[in-house]
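Each chain, written out:
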Amino acid sequence: IFSAPMDWDLEDQNQIFADGAMLDEARWPHRGDGDLLHPQRAAAAGGTQTSLHDPELARAAGSGSLEGALLWCAGGDRWICWSEKVERYDPATQTIHFTMPTMSHWYEVRPGSRYVLMGLRSFLNAPGEWWYDKDRQRLLIIPPAGCDLAKSTIEAKRRADCIDLCGRRYVTVEGIHFR
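Residues numbered from 1 in each chain as written. Predicted model: local features only at pLDDT ≥ 70, side-chain atom pairs only at ≥ 80, totals over all residues. Heavy atoms only, no water.

Engineer: Before we move on, can you summarise the side chain of Asn14 with the specific residues and values?
Structural biologist: Mapping Asn14 onto the fold places it in the loop between strand E1 (2–5) and strand E2 (16–18). Only 2.7 Å separates the side chain of Asn14 from the side chain of Asp9, close enough to count as a polar contact. Ignoring sequence-local partners within four residues, the contact set of Asn14 consists of Met6, Asp9, Trp130 and Tyr132. (Helix = DSSP H or I, 4+ residues; strand = E, 2+ residues; numbered from the N terminus. Polar contact = N/O pair within 3.5 Å; in protein donor to acceptor, adjacent residues only side chain to side chain. Contact = heavy atoms within 4.5 Å.)

Structure (structure tokens):
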């Protein structure tokens, strides 16, 4: 695991690139063999508007806790994906608890709801993953397989928007390149 100082944080909009290829934020389960648009996701055994139960959570927690992780879930009828911070983890029942202030029953966790967990240092354990340590303002990275950091360029997204034309009219933008 390599680390470098990074004195900015875009919260849930951070992105890290190695030689132009986007890397994965450390997560459980890992993206696996799926591509960036079709990652591996866990499936809930059940849940409510404020909890998610999955016997596999023991693997995610390891010997630690899941409190503070970010839960990304395609709950309910999968109309909308949402994210919430895990407030409590019960290892006896393999259940995580969160607060969803605007939740409706259409989006509650149901058997089969797909989800991932992010935001914990313990999830950083696979090539091509990164994790941002907010307290120490450091980026931690496990380079992708075959990546030589001495010869590679590692970049971090620095702003949320490339160009903002809100409230503008009759503007033509030409010759700009971004990713």
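Engineer: Account for the pattern of salt bridges, naming residues and giving values.
Structural biologist: On inspection of all chains with the given rule, the structure shows four salt bridges. For Arg59, the salt bridge identified is with Glu56, shortest N-O distance 2.7 Å. A residue is classified by how much of its surface remains accessible, and Glu56, at 34% relative accessible area, is partly exposed. By sharing partners, the salt bridges in this structure join Asp9, Glu11 and Lys134 into a single network. (Salt bridge = Lys/Arg side-chain N within 4 Å of Asp/Glu carboxyl O. Buried < 20%, exposed > 50% of the residue type's maximum accessible area, 1.4 Å probe, protein only.)

Engineer: Quick one: what's the story with the packing of aromatic side chains, residue by residue and with numbers?
Structural biologist: A ring pair, where both rings are aromatic, is described by two values, the distance of the centres and the angle of the planes. Evaluation of the coordinates by the stated rule reveals two aromatic pairs. A ring pair is formed by Trp28 and Tyr115, whose centres lie 6.3 Å apart and whose planes are at 45°; its orientation type is tilted. With Trp28 in strand E5 (residues 27–28) and Tyr115 in strand E13 (residues 114–118), the pair connects residues that are 87 residues apart, well separated along the chain. Accessibility expressed as a relative area gives 11% for Trp28, which makes it buried. For the ring pair Trp82 and Phe98, a centre distance of 5.4 Å and an interplane angle of 45° mean the geometry is tilted. Within this pair, whereas Trp82 is found in strand E10 (residues 82–85), its partner Phe98 is found in the loop between strand E12 (95–97) and E13, the two being separated by 16 residues in sequence. (Phe/Tyr/Trp six-rings, centres within 6.5 Å; stacked < 30°, edge-to-face > 60°.)

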